[in-house]
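The chain contents come next:
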Amino acid sequence: MDILCAGEPLIELNQQADGRYLAGIGGDTSNAAIAAARQGARVGYLSQIGDDAFGRQLLQCWRDEQVDASAVTVHATAPTGLYFVNHDAEGHHFSYRRAGSAASLIRADQLPLAALAQARVLHLSGISLGISASAADASFAAIEAVRQAGGAVSFDPNYRPALWPLTRARALIHEAMAQCQIALPGLDDARLLTGLQEPDAIADFYLRLGVDIIGLTLGTDGVLVATAERRERIAPHRVQLVDATGAGDTFDGTFLAQWLQSGDAFAAARYGNAAAALSVQGFGAVTPIPRRAAVEGLLAQAN
């Protein structure tokens with residue numbers, strides 16, 4: 001397996017222009033898994049879902065997207081979580097219904113150690129650290145298992161203030177970052193978590209924690225990718241924005257897929273930057289995620 005993504009999958013209800021809600025699939029690391037699979041990577045997902053219609057919908061989506069869900073367990077009584085997306089002049093806003101969800105009840109002793117040992121990269125996010133203490137413990141145990149097996153760890157802070165206080169989020173997310181090789185933060189989250197404003201200062205902060213590769217997404221300003229030896233600002237692609245839901249997740253998944261293929265973090269960031277730009281041109285987290293031909297087409301146009 002190239003990439004094993006772990007986290008909280010969710011059902012998405014995305015508000016349309018006429019006020020109705022379009023149902024879909026969401027959850028940051030699930031989105032990243034699908035994005036990586038659409039680029040041709042061998043991808044698996046690790047989580048827990050409810051024994052309900054929403055959980056079955058998620059399983060069907062992963063089957064359709066060729067994401068291996070053999071590491072997903074089903075909880076007999078806890079529900080699958082969901083969220084709403086609303087749009088206004090300031091952008092998109094999320095409202096969650098996830099308290100007591102099956103994903104939040106996952107435990108470290110449930111982890112599929114064989115699958116973790118086989119993963120070239122484990123990708124997870126700060127949401128798993130914030131939804132419950134048991135999910136946080138499971139996340140750190142998964143990180144340790146992959147590191148012991150010689151795999152790499154990728155982490156996106158994806159800070160959600162409604163989940164937990166900033167001081168607690170800082171402590172746990174910084175600890176997770178210190179154990180990963182690849183950090184994929186968004187600028188707004190990184191500013192809150194580090195207390196720094198300038199992208200280069202944020203990159204320096206994560207490098208000092210021990211991260212090897214930082215892909216700092218800057219929204220409409222593109223991406224800053226940095227290592228100890230080199231850094232580069234990657235310009236944004238100008239596209240028609242429809243819905244930015246899941247754009248950062250698309251960057252994460254496509255970056256990892258391309259990095260594993262090429263071994264070049266800077267080329268992977270350019271690829272992920274293009275994929276994220278394409279993903280904002282439609283509604284929902286999953287439907288607009290592009291496939292390889294579309295990403296390579298945009299990169300060819302830019303050159």
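In the block above lies the structure referred to throughout.
None of the values given here were measured: they were computed from a predicted structure.

A. Summary view of the overall build of the chain. Summing up its helical and strand segments, the chain has 11 helices and 13 strands in all. Along the first, second and third principal axes, the C-alpha atoms of the chain reach 50 × 50 × 35 Å. Every one of the 303 residues in the chain was classed for burial, and the buried ones make up 57%. By sequence separation, contacts in the chain at least 24 residues apart represent 70% of the contacts at least 6 residues apart.

B. Broad picture of the pairing of strand S11 (residues 213-217). Counting buried residues in S11 gives five out of five residues, a clear majority hidden from the surface. Side chains Ile 213, Gly 215 and Thr 217 of S11 all project onto a buried face; the interleaved residues Ile 214 and Leu 216 project onto the opposite face, where all are buried too. Of the pairings in the sheet, the one linking S11 to strand S12 (residues 223-226) comprises four bridges and is antiparallel in character. When the bridges of S12 are listed, Thr 217 appears paired with Val 223. Counting the residues that bridge the hairpin from S11 to S12 gives five residues, and of these Gly 219 lies at a positive phi of roughly 65°.

C. Structural detail: the packing of aromatic side chains. Under the definition given, this model contains five aromatic pairs. Ring centres of Tyr 45 and Trp 62 lie 5.0 Å apart, and the angle between their planes is 40°; on these two criteria the pair is classed as tilted. Placement of Tyr 45 in strand S4 (residues 43-50) and of Trp 62 in helix H2 (residues 53-64) is noted, with a sequence separation of 17 residues between them. For the pair Tyr 45 and Trp 62, one class covers both residues: buried. Taking the centre distance of 5.7 Å and the plane angle of 35° together, the rings of Tyr 83 and Tyr 96 count as tilted. Taken together, the residues Tyr 83 in strand S6 (residues 82-88) and Tyr 96 in strand S7 (residues 91-97) connect sequence positions 13 residues apart. We classify Tyr 83 as buried; its relative accessible area is 4%. Here Arg 98 stacks its cationic end above the ring of Tyr 96, 4.1 Å away from the centre of that ring. Cation over ring: Arg 230 sits above Phe 266, and NZ or CZ is 3.7 Å from the ring centre.

D. Structural detail: helix H8 (residues 199-209). Those residues of H8 lying buried are Pro 199, Ile 202, Ala 203, Phe 205, Tyr 206 and Leu 207. Those residues of H8 hidden inside the fold are in contact with helix H6 (166-177), helix H7 (187-194), S11, S12 and strand S13 (231-234). The positive-phi residue at the C-terminal boundary of H8 is Gly 210, with phi of around 115°.

E. Structural view of the packing of H7 against H8. In contact at an axis separation of 11 Å, H7 and H8 are set at 65° when each is read in the N-to-C sense. Seen along the crossing, H7 lies across H8 with a hand that is left-handed. Contacts between H7 and H8 involve Leu 187, Ala 190, Arg 191, Leu 193 and Thr 194 from the former and Pro 199, Ile 202, Phe 205 and Tyr 206 from the latter. Each residue belonging to the contact of H7 with H8 can be placed in one class, and the counts come to seven nonpolar, one polar and one charged.

F. Molecular detail of the sheet that holds strand S8 (residues 121-125). Read across the open sheet, the nine strands follow the order S5-S4-S1-S8-S9-S10-S11-S12-S13; overall the sheet is mixed. This sheet does not close on itself; its edge strands, each paired only once, are strand S5 (67-75) and S13. Of the strand pairs in this sheet, S8 and strand S9 (residues 152-156) are connected by five bridges, and their pairing is parallel. Residue Ser 125 lies in a different strand from S9, and its bridge partner there is Asp 156. Along the sheet, H2 makes contact with S4 and S5, crossing S4 at roughly 170°.

G. Expanded view of empty space enclosed by the protein. With the rule as written, the count across this model stands at one cavity of 30 Å³ or more. What the largest cavity holds in volume is close to 120 Å³. As for the largest cavity, its lining consists of 15 residues, of which Ala 6, Gly 7, Ile 106, Ser 128 and Ser 139 are closest to the centre. Looking at the lining of the largest cavity, the elements that each hand over two or more residues are S4 and helix H5 (133-148). Here the residues of the lining of the largest cavity sort into 10 nonpolar, four polar and one charged.

H. Seen up close, the pattern of salt bridges. If you walk through the whole model with that rule in mind, you get 13 salt bridges. Note that Glu 8 is salt-bridged to Arg 98, the shortest N-O span being 2.7 Å. Of this pair, Glu 8 sits in the loop between strand S1 (3-6) and strand S2 (10-15) while Arg 98 sits in the loop between S7 and helix H3 (113-118); the two residues are 90 residues apart in sequence, bridging distant segments of the chain. In this structure Arg 98 comes out as buried when scored by relative accessible area, which is 10%. Across the pair Glu 65 and Arg 291 runs a salt bridge, and its minimum N-O distance is 3.9 Å. Of the two residues, Glu 65 is situated in the loop between H2 and S5 and Arg 291 in the loop between helix H10 (265-279) and helix H11 (292-302); the sequence distance between them amounts to 226 residues. Linked through salt bridges whose partners overlap, the residues forming this network are Asp 2, Arg 42 and Arg 120.

The rules behind the values
- Residues numbered from 1 in each chain as written.
- Predicted model: local features only at pLDDT ≥ 70, side-chain atom pairs only at ≥ 80, totals over all residues.
- Heavy atoms only, no water.
- Helix = DSSP H or I, 4+ residues; strand = E, 2+ residues; numbered from the N terminus.
- Buried < 20%, exposed > 50% of the residue type's maximum accessible area, 1.4 Å probe, protein only.
- Contact = heavy atoms within 4.5 Å.
- Pairing = 2+ DSSP bridges.
- Phe/Tyr/Trp six-rings, centres within 6.5 Å; stacked < 30°, edge-to-face > 60°.
- Lys NZ or Arg CZ within 6 Å of the ring centre and 35° of its normal.
- Axes fitted to C-alpha atoms, helices over the stretch in contact; angles between N-to-C directions.
- Left-handed = near helix turned anticlockwise from the far one by under 90°.
- Nonpolar A, V, L, I, M, F, W, Y, C, P; charged D, E, K, R; others polar.
- 1 Å grid on protein atoms, 1.4 Å probe; cavity = no way out; pocket = protein on both sides within 12 Å on 5 of 7 lines; lining within 4 Å.
- Points joined across faces, edges and corners; volume = space filled by probe spheres on them.
- Salt bridge = Lys/Arg side-chain N within 4 Å of Asp/Glu carboxyl O.

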